[in-house]
Structures are given as structure tokens and as C-alpha cells.
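# Chains, contacts and geometry: an overview
Chain residues, written in single-letter form:
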Amino acid sequence: MTLDFFSRALLEVTLAGALAGLVGVLVVLRERAFFAMSLTHATFPGAVAAAMLGVAIPLGAAVAAVALVAIAVGIGRIRSQGPAVASGIMLTAGFALGALLQSLSPLAIDVESFLIGQVLAVTGADIALTAALLAVAIVVWAIAGRHLVFSSADEGGYRRAGLRPWIPEAVALALIAATVVAIMPVVGAILGVALIVAPAAAARLVVRDWRAMLVVAPLIAIASGVLGLFASRWFELAAGGAIALVAAACYGLAWIRAEAARRPRGTIETRTP
């Protein structure tokens, strides 16, 4: 059965939401939100280069992601620099390189579709890629979930236990990079971090156990994708922006709920003049 363009988009946002939610838990637990944001920007030149060469956009973004992750790991190993410096360099240099390639291209490249996504134009190949990576993420969490959480919470203890922390770190970076590439058709290079980080951060405010986060975060991300897609249809909005805004609103609601739960009932806040 052949799906129409909106049904394909609906299926893609569902798969992308589940993937972003699962990997977003990893991003939040390992405190890699800034890295995820920089990576979403840094894959932009790969997408532009792929369009210039006439090859698949995810392929170009994936090549850029692999190269930039390697550079980030190299810079992060320098004691005087660290991962935050590496992420900052990736963010600015990657986006600047993408803009430069776009200005030099003899072709008319639709940069906006790379930046904020074009989910209504997704293909069967895009859906298959997202589904495959979702399966990989599920398997990784099932097999190595305890190692990922242990190394995230206590890297020193993980090392003292005779284990190698660089292995879960490499797995985490690879999953984050793959997810950024897979969801680019949905929310683009700029807004991808919203779908990855916001639902997982909201889940962390709602539940405390990481296993529960693996259920709640994908559900929030899927709801964000579906509601954002329908909002874009009803109000004629950009789908990527609508999805990102819904994800941010979910985090805002979770934060308000968490703050309300912390305040004892029946108390009145007073201020000293």
C-alpha cells in the first residue's frame, strides 16, 4: 500500500520521536546537550555538500558527523581545552562552512529545508533509515544500558571497576550523531536539538528512574512530533518549527509541574520589603 505525503510524514515523525526520545535520555544523563546542539549545526555543511554533489543528503550529513565527532574527541582529549571548547568550535565552524559552501554553489540550494526540515517531503528511504536507527538504539539500550548509565553517573567509579569509559562514550557519541542525521528531514539541522533534548529533559523532571525515562521521553517526543505536524497543517506553519515549539512547551509544562510539586501546599510565598 502506497502512503500519501502526509501519512509518510506522520510515520516519520512517530519514528523520529521515538528515536530522539531514546537517544535524548542518553544526552541528558551524560550532559551532552551542548554537544548535540553543536553537532546539529556542524552537519549542515555535509548536507550542503551532498546537495552540490547530487548525492543523498543523509549521506553527506553522516560523513560530516563522523569527521566532526573525530575532531571533537581529539580536541576534547587536550587537557587545556575539553569537550565544551570542542563543541563550541564545531558549532561555529560547521555552520560557517555550510554557509560558505552554499554561497559558492552554482546550484540553487534550498537551505531552509536543511535548517528547519521538510518533513512533508520525506521519502521511503528516510523512513527506513529512521526505523533502522531506532532498532539500533533499542538494542544498544537493552544490551549496554547499565554500562551507559554507570559511566554517565560515575566515570571514575566505572574506571576503578576495571572498565573502559571511552567505550560507552564512543557509543553515546555515535548514537547522537546518527540520530541528528536521521531526524534532519523532520526538524532540520538547527531545530534537531529541541526534539532530542527537550522531551528527555521533561521526562527527567517527571520521573527519576532512567528506565522510566526510556518510556516517557519517547512518548513526549512522539506527541511533540504528531501535534507539531498537525499544528503545521491546521495553521499553515513550518512543521519543523511547530514540532520544536511543542517539544519546548512540553518541557515548560514539566518544569511547572515539578516546581509546583516542590512547594508545600497551603504555604504563601512572602517577600521581605
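Everything numeric here is computed off the predicted structure, so don't read it as measured data.

Note that predicted coordinates carrying low pLDDT should not be read in detail. Residues with a pLDDT of 70 or more make up 84% of the chain, whose mean pLDDT is 82. Note that residues 267-273 has pLDDT below 50 and, in this model, one contact with residues that lie over four places away or in other chains.

This next bit is on the environment of I176. One can find I176 in helix α9 (residues 166-182). By relative accessible area, I176 is classed as buried at 1%. Each C-alpha atom of the pair I176 and A65 lies 9.6 Å from the other, and the pair is 111 residues apart in sequence. The contact partners of I176, leaving out residues within four places of it in the chain, are V23, V27, R32, F35, A36 and L39.

Here we come to the nonpolar core. One broad rule of soluble globular proteins: the nonpolar side chains tend to lie buried together. Among the nonpolar cores identified, the biggest contains 68 residues, and V25, V119, W141 and I176 are the most heavily contacted of them. Ranked by residues supplied to this core, first place goes to helix α1 (residues 5-29) with 15 residues.

Once that is clear, we can look at unusual backbone geometry. One non-glycine residue, E31, lies in positive phi territory at about 55°. Judged by relative accessible area, E31 falls into the exposed class, the value being 68%. Of note in this structure, E236 is not a glycine but carries a positive phi near 55°. With respect to the element layout, E236 can be found in the loop between α11 (210-235) and α12 (239-262). Judged by relative accessible area, E236 falls into the exposed class, the value being 75%.

What counts as what
- Residues numbered from 1 in each chain as written.
- Predicted model: local features only at pLDDT ≥ 70, side-chain atom pairs only at ≥ 80, totals over all residues.
- Heavy atoms only, no water.
- pLDDT = per-residue confidence, 0-100.
- Contact = heavy atoms within 4.5 Å.
- Helix = DSSP H or I, 4+ residues; strand = E, 2+ residues; numbered from the N terminus.
- Buried < 20%, exposed > 50% of the residue type's maximum accessible area, 1.4 Å probe, protein only.
- Core = buried A, V, L, I, M, F, W, Y, C linked by side-chain atoms within 4.5 Å.

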